[in-house]
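Close look at the chain arrangement
Chain by chain, the residues run as shown.
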Amino acid sequence: MTETLLPTTVVGSYPQPDWLIDRDKLTHQGPVRVRARELWRVPEPWLEAAQDDATRLAIRDMERAGIDIITDGEIRRESYSNRLATALSGVDLDNPAEVRGRTGGSVVVPRIVGPIRRLRPVEVRDVEFLRANTDRTIKITLPGPFTMSRQAKNEFYKDEEELVMDYAAAVNAEIRDLKAAGADVIQLDEPWLQARAEEARRLALPAIDKALDGIPGPTALHLCFGYAYVARDKPNVYAFLPELAGSKVDQISIEAAQPNLDLGTLNGLGNKTVIFGVISMGGDPAPETPEIVAARIRAALKHLPPERLIPAPDCGMKYIQRDLAIAKLKALAEGAAIVRRELTDA
């Protein structure tokens with residue numbers, strides 16, 4: 001793990017090239033919870049090689065921008081969650097159902113028709129490839145158990161707690177293999193904690209702890225208000241966040257730039273490290289300046305010591321153009337460097 005003060009990272013995703021994925025379909029077809037192979041522009045026999053090349057581009061972009069903790073950009077995924085969720089047993093992908101979406105409307109999802117079990121490693125090659133292509137600290141993301149349970153139609157389990165805990169067991173098994181493959185940081189993506197706060201208070205915390213049981217750190221958990229192109233008017237407080245102060249997770253990843261988060265929120269997170277969004281994915285198409293980034297970091301440092309702050313973008317970077325993503329990541333790295341120098345010289 002990097003010893004750099006105020007290390008920078010990305011949340012998870014990075015723009016996939018237009019030659020790899022149909023970005024217009026990706027943006028406008030709505031959330032992907034079942035498989036969506038029609039999004040890929042490259043036919044199956046050559047798809048993995050194309051995804052490998054695009055992943056190398058994402059890694060190099062993050063390195064050149066100066067990001068300290070990098071991911072594979074989630075380049076091989078149609079969405080942040082469906083790659084793992086659709087690889088588990090107990091789900092019927094051929095006869096999908098619909099559930100109420102996180103931000104309204106309905107979403108096509110798998111049906112749960114049997115016990116949720118992990119049959120095989122899903123993201124291990126992703127970690128191995130990332131580890132082989134960079135010397136920097138690496139992070140891998142995967143969907144959390146509570147969120148996956150909300151993104152499916154339960155037609156099997158009588159006990160909802162059993163359902164969520166079976167997802168947690170599957171996630172734990174996957175994480176153990178990801179750590180063995182070389183992942184430095186493991187991040188669970190749990191955006192539905194914010195969207196279904198009451199259900200999360202009842203079901204999510206034991207499942208998150210089970211998913212992380214026996215996993216050496218650092219571990220992170222991300223929650224957000226929704227992608228910028230969908231959720232334009234975001235609240236400035238989280239409905240579910242202080243509850244995580246007592247969880248096993250080491251780092252909590254939150255949006256702060258676009259929603260103009262009430263930074264008093266940071267006071268209730270105990271001793272957790274915060275992956276803090278200082279780059280917006282919505283609004284002004286121009287990138288932030290390093291000075292704007294530095295000002296946002298300084299504001300967070302009024303509530304957290306620098307040892308517990310990791311500057312990052314808000315989530316949803318995959319939905320912006322690559323040149324804009326590069327410019328934003330450079331501003332992120334340079335803004336963090338400004339504050340790092342100030343702290344060192346103080």
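These numbers were taken from a predicted model, which means no experiment stands behind them.

Here we take up the side chain of N172. Note that N172 resides in helix α6 (residues 160–180). Side chain to side chain, N172 and R176 meet in a polar contact 2.8 Å long. Residues contacting N172, with those up to four places away along its chain left out, are K210, A211, L212, D213 and I215.

Further remarks concern the packing of helix α2 (residues 44–65) against helix α4 (residues 124–132). Remark: α2 packs on α4, axes separated minimally by 11 Å, with the N-to-C direction vectors making an angle of 50°. Between α2 and α4, the crossing angle belongs to the class labelled oblique. Handedness of the α2/α4 crossing: right-handed. The residues of α4 that touch α2, namely those facing E48, D52, T55, R56 and I59, are R125, F129 and L130. In terms of residue class, the contact of α2 with α4 is built from three nonpolar, one polar and four charged.

A cis geometry characterises the amide bond from G217 onward to P218, with omega recorded as 0°. Mapping P218 onto the fold places it in the loop between α8 (197–211) and β7 (219–222). If you check the backbone angles, L6 has positive phi at about 55° while not being a glycine. Along the polypeptide, L6 turns up in the segment before α1 (23–28).

Below, the discussion takes up the sheet that holds strand β5 (residues 153–154). Overall, mixed pairing links the three strands, which are arranged β2-β3-β5 in an open sheet. With partners counted over all chains shown, the strands left at the sheet margins are β2 (89–100) and β5, one partner each. When β2 meets strand β3 (residues 106–117), the two strands line up antiparallel, connected through seven bridges. What sits directly across from V91, in β3, is I112.

General note: in soluble globular proteins, nonpolar side chains tend to be found buried as a group. Membership of the largest hydrophobic core comes to 100 residues, with the highest contact counts inside it found for L193, I254 and F276. Among residues more than four places away in sequence, those in contact with I254 are H222, L223, Y238, L241, L261, L266, V274, I275, F276 and G277.

This part is about the environment of A183. Here A183 is to be found in the loop between α6 and β6 (185–189). Judged by its relative accessible area of 5%, A183 falls in the buried class. Taking the C-alpha atoms as reference, A183 lies 9.8 Å from T141; in sequence the two are 42 residues apart. Once residues lying within four places of it in the same chain are set aside, the contact partners of A183 are V127, I138, I140 and L178.

Our focus in this paragraph is the packing of α2 against helix α10 (residues 322–345). Packing of α2 against α10 leaves a shortest axis separation of 8 Å and a crossing angle of 35°. Every pair of crossing elements has a handedness; the one defined by α2 and α10 is right-handed. Across from L57, D61, M62 and A65 in α2, the residues of α10 making contact are R322, I326, L329, K330 and A333. Along the lines of polarity and charge, the residues of the contact of α2 with α10 split into six nonpolar, no polar and three charged.

This part covers the sheet that holds strand β9 (residues 273–279). Across the sheet, seven strands lie side by side as β1-β4-β6-β7-β8-β9-β10; this open sheet has parallel pairing. Two strands close off the open sheet at either side, each with one partner strand: β1 (69–70) and β10 (309–313). Strand direction decides the pairing type here: β6 and β7, joined by four bridges, are parallel. By the bridge assignment for β7, I186 is matched with T219. On the sheet, helix α9 (residues 290–300) packs against β9 and β10 and is oriented at approximately 150° with respect to β9.

So, about the pattern of salt bridges. The final tally for this structure, using the stated rule, is 29 salt bridges. Of the charged contacts, one joins D61 and R64 as a salt bridge, the two residues approaching to 3.3 Å between their closest N and O atoms. Of this pair, D61 and R64 both sit in helix α2, separated by three residues, roughly a single helical turn. The exposure class assigned to D61 is buried, which follows from its relative accessible area of 4%. The class of R64 is exposed, set by a relative accessible area of 58%. Several salt bridges share partner residues, and in doing so they unite E48, D52, D72, R76 and R125 into one network.

Definitions and cut-offs
Residues numbered from 1 in each chain as written. Predicted model: local features only at pLDDT ≥ 70, side-chain atom pairs only at ≥ 80, totals over all residues. Heavy atoms only, no water. Helix = DSSP H or I, 4+ residues; strand = E, 2+ residues; numbered from the N terminus. Polar contact = N/O pair within 3.5 Å; in protein donor to acceptor, adjacent residues only side chain to side chain. Contact = heavy atoms within 4.5 Å. Axes fitted to C-alpha atoms, helices over the stretch in contact; angles between N-to-C directions. Parallel < 35°, antiparallel > 145°, perpendicular 65-115°, else oblique. Left-handed = near helix turned anticlockwise from the far one by under 90°. Nonpolar A, V, L, I, M, F, W, Y, C, P; charged D, E, K, R; others polar. Pairing = 2+ DSSP bridges. Core = buried A, V, L, I, M, F, W, Y, C linked by side-chain atoms within 4.5 Å. Buried < 20%, exposed > 50% of the residue type's maximum accessible area, 1.4 Å probe, protein only. Salt bridge = Lys/Arg side-chain N within 4 Å of Asp/Glu carboxyl O.

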